[in-house]
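# Results of the structural survey
Below are the chains, spelled out letter by letter.
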Amino acid sequence: AVPRTRILATGGASHNKKILQVLSDVFNAPVYTIDTTNSACLGSAYRAIHGLVAEMNVSLADVMKLAPEPRLAVTPTTGAEEV
């Protein structure tokens, strides 16, 4: 079975539950957030770690296992896909 789509929201708008709810309803998917002030820097840091360990055959997926789990912020409103 294919896992359901989920959205990871970052940046300033990720603190606005109403915006997150619209995303969730439009894409009919749960929206998760991570507690970081600069997600671009965080992503760059994980890619840098991957670069350092790449010659040891460590995948980016394995590096990302070190990342904190995103937290569920909102889920789609019942019936939103009908609209």
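Definitions and limits used
Residues numbered from 1 in each chain as written. Predicted model: local features only at pLDDT ≥ 70, side-chain atom pairs only at ≥ 80, totals over all residues. Heavy atoms only, no water. Polar contact = N/O pair within 3.5 Å; in protein donor to acceptor, adjacent residues only side chain to side chain. Helix = DSSP H or I, 4+ residues; strand = E, 2+ residues; numbered from the N terminus. Salt bridge = Lys/Arg side-chain N within 4 Å of Asp/Glu carboxyl O. Buried < 20%, exposed > 50% of the residue type's maximum accessible area, 1.4 Å probe, protein only. Contact = heavy atoms within 4.5 Å. Patch = residues over 30% accessible without salt bridge, like charges linked within 9 Å, V, L, I, M, F, W, Y side chains within 5 Å. Areas by Shrake-Rupley, 256 points an atom, 1.4 Å probe, with all protein chains shown as cover. 1 Å grid on protein atoms, 1.4 Å probe; cavity = no way out; pocket = protein on both sides within 12 Å on 5 of 7 lines; lining within 4 Å. Points joined across faces, edges and corners; volume = space filled by probe spheres on them. Core = buried A, V, L, I, M, F, W, Y, C linked by side-chain atoms within 4.5 Å.

## Concerning helix α1 (residues 17-27)
For α1, the N-terminal cap is Asn16; the gap from its side-chain oxygen to the backbone nitrogen of Lys18 is 2.9 Å. Just downstream of α1 lies Asn28, where phi reads positive at about 50°.

## A word on the pattern of salt bridges
Scanning all chains against the criterion turns up one salt bridge. One salt bridge in this structure joins Asp62 and Lys65, with 3.2 Å as the shortest N-O distance. A relative accessible area of 64% places Lys65 in the exposed class.

## Topic: the side chain of Ser14
You can see Ser14 is positioned in the loop between β1 (7-9) and α1. There is a polar contact of 2.5 Å between the side chain of Ser14 and the backbone oxygen of Gly11. Sequence-distant contacts of Ser14, that is, excluding residues within four places in its chain, are made with Ala9, Leu20 and Thr33.

## A look at a nonpolar patch on the surface
A contiguous nonpolar surface patch, about 320 Å² in accessible area, is contributed by Val22, Val26 and Phe27. Looking at the element boundaries, Phe27 is found in helix α1. Judged by relative accessible area, Phe27 falls into the exposed class, the value being 54%.

## Focus: the layout of surface pockets
Size it by volume and the largest pocket reaches roughly 250 Å³. Taken together, 13 residues make up the lining of the largest pocket; nearest its centre are Leu8, Ile34, Met64, Ala67 and Pro68. The greatest single-element share of the lining of the largest pocket, amounting to four residues, is contributed by helix α2 (residues 39-53).

## Looking at the environment of Leu8
Following the sequence through the fold, Leu8 ends up in strand β1. Those residues within four positions of Leu8 in sequence are excluded, and the remaining contacts are Tyr32, Thr33, Ile34 and Pro70.

## So, the nonpolar core
Ranked by size, the top nonpolar core spans seven residues in total: Ile7, Ala9, Leu20, Ala29, Val31, Ala73 and Val74. Those elements giving two or more residues to this core turn out to be β1 and β3 (71-74). For Leu20, the contacting residues outside a window of four places in its chain are Ala9, Ala13, Ser14, Val31, Thr33, Ala73 and Val74.

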